[in-house]
Amino acid sequence: SHETTSPVEEEQRAFDAEAASLLVKKLREAFASGKTRGYGWRVSQLKALAKLVDDQEQQIVDALGNDIAKPPLETVAYEIAMLKNSCRVALKELKHWMTPEKVKTSIATFPSSAEIVSEPLGVVLIISAWNYPFLLSLDPVIGAIAAGNTVVLKPSEIAPATSSLMAKLLGDYMDNSCIRVVEGAVDETSALLQQKWDKIFYTGNGRVARVVMAAAAKHLTPVVLELGGKSPAVVDSNINLKVATRRIIAGKWCCNNGQACISPDYIITTKDHAPKLVDALKTELETFYGKNPLESKDLSRIVNSNHFARLTKLLDDDKVSGKIVYGGEKDESKLKISPTVLLDVPRDSLIMSEEIFGPLLPILTVDKLEESFDVINSGPKPLAAYIFTNNKKLKEQFVGTISAGGLVINDTTLHLAVHTLPFGGVGESGVGSYHGKFSFDAFSHKKAVLYRSFLGDAPVRYPPYTTTKLRL
Ligand code: NAD
């Protein structure tokens, strides 16, 4: 009956530091058994995860519908398909990734050979965020498994339906002696963070990232921090404006209604070009979402009332009054905010001083487009930066001078889908990276191994240190 609880559920009831310590102990024992190191175990778990995603598509779509009214197409395309692809790449490449890499040696060690051996780190903790809760939880898990680790996943409590679905499904499909889900919020995460891990992989905001890094420092645990920031999009005038506009909308409102870490946060264009861009945005937004976007099923809602209040505050700031040129409608009872464009907001307004993470898009204007580079570089380094231009020199300048986690020229967000590119931030937008082989590397230690024989035992390294030896 549903009154009997599994050992997994028992453990979840009161998840305090003691329970966390016990869990880590068990996973450490499982790791020490050597079970996770073999190619066979890794493949079996990657296949199990791929099967989970395949089998449970509808449940996943429903959970994200509950948590954030995410349109099914966005769930299927940006969470499910991405995960399937990550599993496929890992399964295809794993043998190759695991093979020690032979490297050249130096004359000083002659004769010798050397290789880099990727070894699993041990027991790793993955803490994930609510906005792409399925992808951001399981994509790092793929890296952790591929690299041969045991793993605890702590999903975000802000997406509770997805969190409990993942706890259930990972319980059903995966090897629970090595892969576990702990649900919960600050208390449970704090209990986990007190433990000694071999790696902590955190996705979320910079404030909590500092808590995570401080906890990790106590045990000298390395971290990957996947954070956010104000990702700009620079828009030139010599472009296919319609295509550019649609791609900006795709990266902003078609990504969880702007609640995505690499959504364009704001736009910079020239004063002359701004009216044309605003018109194009209006036209395309109306084509996509109709005259009453609050009713559109193709826009996620704001995740909860705290975030709704935060976004409302950005719009209520006196400094941006009268700056809305499109949208601005809200329905608090449904937690909906329509796509909203603001023109010429002051640089010291609230909306320009924090990551927006929602459906508001301010446009800044400059006299010459080159000035936009100074605007971007004067702030913290963003997770992504975009430019739309046909000007070769401008592209080169952009790539050469803008520091961000990743750049896309003439589109938005798509670098995320290229598994041969590392995904991660720089400075305030994060530490470390993942995706494809970078995920495997993020959860591996690169062990240096030098092989020598008993030949070539040069006397020069041994005392007595004579002047003749010094000159050699
Ligand atoms: P969130 O509120 O879900 O928090 C993330 C995680 O931190 C959760 O698992 C939560 O339980 C945990 N947490 C919260 N407070 C804590 C505390 N005091 N101690 C320990 N753990 C705590 O997500 P969020 O932070 O609102 O996510 C949005 C941010 O994440 C944005 O800045 C966004 O840009 C960034 N983000 C980055 C990526 C990326 O891949 N780089 C992806 C998505 C989101």
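Each chain carries its own residue numbering, running from 1 in the direction its sequence is written. In keeping with the predicted nature of the model, local features appear solely for residues at pLDDT of at least 70, side-chain atom pairs appear and are counted solely at 80 or more, and the whole-chain, interface and lining totals rest on all residues.

The protein is annotated in an unreviewed UniProt entry as Aldehyde dehydrogenase of Flemingia macrophylla. UniProt positions are given in the numbering used here, feature names are shortened, and annotations may be inferred rather than shown by experiment. Under the Sequence similarities (unreviewed entry) heading, UniProt states for the protein: "Belongs to the aldehyde dehydrogenase family."

Visitor: Help me get a handle on the sheet that holds strand S3 (residues 123-127), residues and values and all.
Guide: For two strands to pair, DSSP has to find at least two bridges joining them. Only DSSP runs of H or I covering at least 4 residues are called helices, and only runs of E covering at least 2 are called strands; the numbering of each starts at the N terminus. With respect to topology, six strands assemble into an open sheet ordered S5-S4-S3-S6-S7-S17, the strand pairing being mixed. Lying at the two open borders of the sheet, with one neighbouring strand each, are strand S5 (179-181) and strand S17 (430-431). With two bridges joining them, strand S7 (residues 223-226) and S17 adopt antiparallel strand pairing. Pairing of Glu226 across the sheet is with Gly430, part of S17. Throughout, a residue-residue contact means that the two C-beta atoms, derived from backbone geometry, are no farther apart than 7 Å. Only the stretch in contact is used when a helix axis is fitted, and all axes are lines through C-alpha atoms; the angle between N-to-C directions ranges over 0 to 180 degrees. On the sheet, helix H9 (residues 206-218) packs against S3, strand S6 (199-203) and S7 and is oriented at approximately 180° with respect to S7.

Visitor: Requested: an account of unusual backbone geometry, with residues and values cited.
Guide: Phe110 connects to Pro111 through a cis peptide bond whose omega is -5°. Its location among the elements puts Pro111 in the loop between strand S1 (101-103) and strand S2 (112-120). Cis geometry marks the peptide bond from Pro463 to Pro464; its omega dihedral reads -5°. One can find Pro464 in the loop between strand S18 (444-452) and helix H16 (467-471). Residue Thr413 is not a glycine yet carries a positive backbone phi of 60°. Relative to the helices and strands, Thr413 resides in the loop between strand S16 (406-409) and S17. Phi is positive for His435, close to 95°, though the residue is something other than glycine. Tracing the backbone shows His435 in the loop between S17 and helix H15 (436-442).

Visitor: Explain the packing of helix H10 (residues 241-252) against helix H11 (residues 274-289) residue by residue, including any values.
Guide: In the contact formed by H10 and H11, the axes pass within 9 Å of each other and the chain directions differ by 60°. Between H10 and H11, the angle is such that the two are oblique. When the axes of H10 and H11 are compared, the crossing they make is right-handed. On H11, the residues touching Leu241, Lys242, Thr245, Arg246 and Ile249 of H10 are Lys276, Leu277, Ala280, Leu281, Glu284, Leu285 and Phe288. Any angle that is under 35 degrees is reported as roughly parallel, and any over 145 degrees as roughly antiparallel; angles of 65 to 115 degrees are reported as roughly perpendicular and all others as oblique. Left-handed describes a crossing whose near helix is turned anticlockwise from the far helix through less than a right angle; right-handed describes the clockwise counterpart.

Visitor: I'd like a description of the sheet that holds strand S14 (residues 360-366), backed by residues and values.
Guide: The seven strands are arranged S10-S13-S14-S9-S8-S15-S16 in an open sheet whose pairing can be described as mixed. In this open sheet, the two edge strands, each paired with only one partner strand, are strand S10 (324-326) and S16. Taking the axes of each pair of neighbouring strands and ignoring which way they run, one obtains an average angle of 25° across the sheet. Examined bridge by bridge, strand S15 (residues 384-388) and S16 share four bridges and lie parallel to one another. Within S16, the residue paired with Ala384 across the bridge is Gly406.

Visitor: Let's hear about the packing of helix H3 (residues 39-55) against helix H6 (residues 133-146): which residues, and what values?
Guide: Taken N-terminus to C-terminus, the directions of H3 and H6 make an angle of 160°; their axes are 9 Å apart at the nearest point. In terms of orientation, H3 and H6 fall into the roughly antiparallel class. Pair H3 / H6 crosses with left-handed handedness. For the pair H3 and H6, the contacting residues are Arg42, Gln45, Leu46 and Leu49 in the first and Leu138, Ile142, Ile145 and Ala146 in the second. Just so you know the grouping, Ala, Val, Leu, Ile, Met, Phe, Trp, Tyr, Cys and Pro go in nonpolar, Asp, Glu, Lys and Arg go in charged, and all remaining residues, Gly too, go in polar. Residue composition of the contact of H3 with H6, by class: six nonpolar, one polar and one charged.

Visitor: Go over the site of the ligand, please, and point to the residues and values.
Guide: Should the C-beta atom of a residue, placed from the backbone, lie within 6 Å of a molecule or strand, that residue is near it. Near the ligand lie 27 residues; those nearest to it are Ser156, Gly204, Glu226, Gly228 and Cys261. Mapped onto the shell around the ligand, the elements with two or more residues apiece are helix H8 (186-193) and H9. Per-element tally for the shell around the ligand: the top contributor is H8, with three residues.

Visitor: Which residues make up the environment of Leu169, and what are the values?
Guide: With respect to the helices and strands, Leu169 occurs in helix H7 (residues 160-173). Burial is judged by counting the other C-beta atoms within 10 Å of a residue's own C-beta: 20 or more makes it buried, 12 or fewer makes it exposed, and any count in between marks it as partly exposed, with every C-beta position built from the backbone. Judged by C-beta crowding, with 21 C-beta atoms within 10 Å, Leu169 ranks as buried. Put simply, Leu169 and Val53 are 116 residues apart on the chain and 9.4 Å apart in space, counted from C-alpha to C-alpha.

Visitor: Kindly report on the environment of Gly406, identifying the contributing residues and their values.
Guide: For Gly406, the position within the fold is in strand S16. By C-beta crowding, Gly406 is classed as buried, having 24 other C-beta atoms within 10 Å. C-alpha separation for the pair Gly406 and Ala384, spaced 22 residues apart in sequence, amounts to 4.8 Å. When near neighbours in sequence (up to four residues on either side) are disregarded, Gly406 contacts Ala384, His415, Leu421 and Phe423.

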